[in-house]
Structure formats: structure tokens, C-alpha cells
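The chain contents come next:
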Amino acid sequence: MGELAVDNHVEYILSVRKRKDSFESLVMEHLTMSGAYWGLTCIDLLGKLDVVDSEEVTEWIMQCQHESGGFAGNIGHDPHVLYTLSAVQVLALLNKLNVLDIDKVSNYVVGLQNEDGSFSGDMWGEIDTRFSYVAICCLSLLHRLDKINVEKAVNYILSCKNVDGGFGCSPGGESHAGQIFCSLAALAITGSLHLVDKDLLGWWLCERQVKSGGLNGRPEKLPDVCYSWWVLSSLTMIDRVHWINKEKLVKFILNCQDKENGGISDRPDDAVDVFHTFFGIAGLALLEYPGLKAVDPAYAMPVDVLNRIFFGK
Ligand SMILES: [Zn+2]
């Protein structure tokens, strides 16, 4: 193991953005907005956001907005609440939220709330606690949380809570670390974390650490760097990070780096991608790895960006 290869990771993320003709970028084209969020937030956590042309990125983002107010993953695709949050997060990162018609964007998100308090992801209506989080996070960043029925939204999330303390994607759904992050973060943003049994959930979460120091998303699964984020941020939100071995987790993440060409993979010696690079760096930031910006566990964004948005600092 060794140190974090900061410059190589920045180089890697910038190179992926430029490699427009590759097969990967072709099949991943609709995910581009989320890719921009993962890549640019990662670069910001590494303290290098000034290498990015913010005008160029902002112009591209605005071309992805649909007349409904929602954003698509790329130009000419359909809007979805996931990409709408990513667009808002990237604009927040670049200090460009002023280019948005806030009411238009927030009305799109508000329109996705259902009668029972849940949220659909888009006009096709798939329901998932992930979308509850995404909608709540997005509206909070836009200072428009008061436009939805927060009480119903919180009650829906609580209805997805299981006897093991975890959360599933819908009522009765199996507990999964990704859903737990979404549910806890939505409860954190709405000031409802007191409704969670922190000790019970803390046990389920800390048992996700395996021998190698990595974390898995469910019992019996292999460890994966992206769970450094889902599990770790959840443990942080309920004040139980000290229940896992932090040094071993740092070591596991650093072992997943491609130190030569940059990027981080899901497990040691696998192929790197932007998704795992971001969640690896964000996990290290949460573990207060030296040289990285502080990251907020609920918004998955740099703390200084959130201070600018919420406190005008
Ligand atoms: Zn993963």
C-alpha cells in the first residue's frame, strides 16, 4: 500500500471526460450527468477544481434541461430525478446555481411526489427510497423543501424500515447499504434522525466490514469500494463510525488504486471507473485522510460548498 495518487486520479477523471468515442462512454452516455457529478466532486475533494472549465460544463448542463424543468443524463435524453439532482449538485459545486430557474426545477421534483409520500423517479412512475432521498436532497439545495409534504415523505421512508434496523427500496424490501444511506440521508436532511434505532442499525452496518478491511453491502457479499461510502456515511450520520476499524478501511481503499494511470476500482486489481474513484475518495475524505476536503455524509458534497449554499459563507 502507499499514499493517495492525487494527481493521477485527477488526470484519469479528466481523460475519461475527453474520451468521447470510447465504447464505455457510448454505453454510458445517458449516465453522463451523474458521471459529471462523480468526477467533478471527486476533483473538488482532491482540491483541484480550478483545472475544470466551469463555463463549458455549465453550458452543457443547461442543454440537458427538459421543458418540464427536469434534467436528462445527456443532451436529447429523457429527464429523471437522479440526473436533476446531479445537475443541481454540479452547478452548486461550480457556484453557478444562479443560472437556474429555481421554481421550474423544483416544480419538476415536487410533481414526482405520490399521495403516500413516496417519490417516482420520472414520468414512468418507478418508486424507490432512492428517489425520496434524491428529491429531498435536490429541493434542500434549492431552498424549496417546504414545497413537498415532508411529513408524508418521512413516514414513507420509515415504512421501508426492517426489523434488522436497515431499510429497503420499498416496504418489505431487503435491507441494503445503498438504501440505508438514502433513507438515513433523507431523514438527516429533514431533521428526523431521532426516529432511527441507532444501535440496532449500527450493528448491521459495522458487520459489513470484512477481513480485508473493506465493506460489503449485504451479508455474504464481497467488499466493494463504493460501500466505503454507503456504509461509512451511514455510520457517520448515526455516530457509530468508531464501531469499525478505520485504518483497515483506509488501507483497503488505497489498495484499490491504479497508482500508475490513476483511478480506483471496486476491489484490488479490478478495472478502475469514475464511480468507484469518486466513492473511494469520498470515503477517504470521510475518514479524514490528509489533504482532502471535508465531505458531508448526507449530501455527498464538499462541506465548504454546502456552507456557501446554506450559510452564505
Ligand atoms: Zn461498487
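- The protein goes by Geranylgeranyl transferase type-2 subunit beta in an unreviewed UniProt entry, where it is assigned to Hevea brasiliensis.
- The UniProt entry for the protein carries the following text under Function (unreviewed entry): "Catalyzes the transfer of a geranylgeranyl moiety from geranylgeranyl diphosphate to both cysteines of proteins with the C-terminal sequence -XXCC, -XCXC and -CCXX."
- The UniProt entry for the protein carries the following text under Catalytic activity (unreviewed entry): "geranylgeranyl diphosphate + L-cysteinyl-[protein] = S-geranylgeranyl-L-cysteinyl-[protein] + diphosphate".

1. Quick look at the packing of aromatic side chains
Argument step 1. The final tally for this structure, using the stated rule, is 11 aromatic pairs.
Argument step 2. Where Tyr-37 meets Phe-278, the ring centres are 5.3 Å apart and the plane angle is 65°; that geometry is what we call edge-to-face. You can see Tyr-37 sitting in helix α3 (residues 32-45) and its partner Phe-278 sitting in helix α13 (residues 274-286), a full 241 residues away along the chain.
Argument step 3. When its relative accessible area of 0% is taken as the criterion, Phe-278 is described as buried.
Argument step 4. Note on Trp-203 and Trp-243: the rings are 5.3 Å apart at their centroids and 40° apart in plane angle, and the pair reads as tilted.

2. Digging into the coordination of the zinc ion
In ideal tetrahedral geometry, four donors around a metal make angles of 109.5 degrees, whereas ideal octahedral geometry with six donors gives angles of 90 or 180 degrees.
Argument step 1. The zinc ion binds to the protein through Asp-224 (OD), Asp-224 (OD), Cys-226 (SG) and His-276 (NE2), with metal-donor distances spanning 2.1 to 2.4 Å.
Argument step 2. Considering all four donor atoms around the zinc ion, angles at the metal cover 57 to 117° and the coordination shape is irregular.
Argument step 3. Spacing between the donor residues of the zinc ion along their common chain follows D-x1-C-x49-H. Taken together, the positions of Asp-224 in the loop between α10 (198-206) and α11 (225-237) and His-276 in helix α13 put the pair 52 residues apart, joining distant regions of the chain.

Calculation rules
Residues numbered from 1 in each chain as written. Predicted model: local features only at pLDDT ≥ 70, side-chain atom pairs only at ≥ 80, totals over all residues. Heavy atoms only, no water. UniProt positions renumbered as here; feature names shortened; annotations may be inferred. Phe/Tyr/Trp six-rings, centres within 6.5 Å; stacked < 30°, edge-to-face > 60°. Helix = DSSP H or I, 4+ residues; strand = E, 2+ residues; numbered from the N terminus. Buried < 20%, exposed > 50% of the residue type's maximum accessible area, 1.4 Å probe, protein only. Donors = N, O, S within 2.8 Å, 3.2 Å for Na, K, Ca; no water. Tetrahedral: all angles 85-135°; square planar, octahedral: opposite > 155°, others 65-115°.

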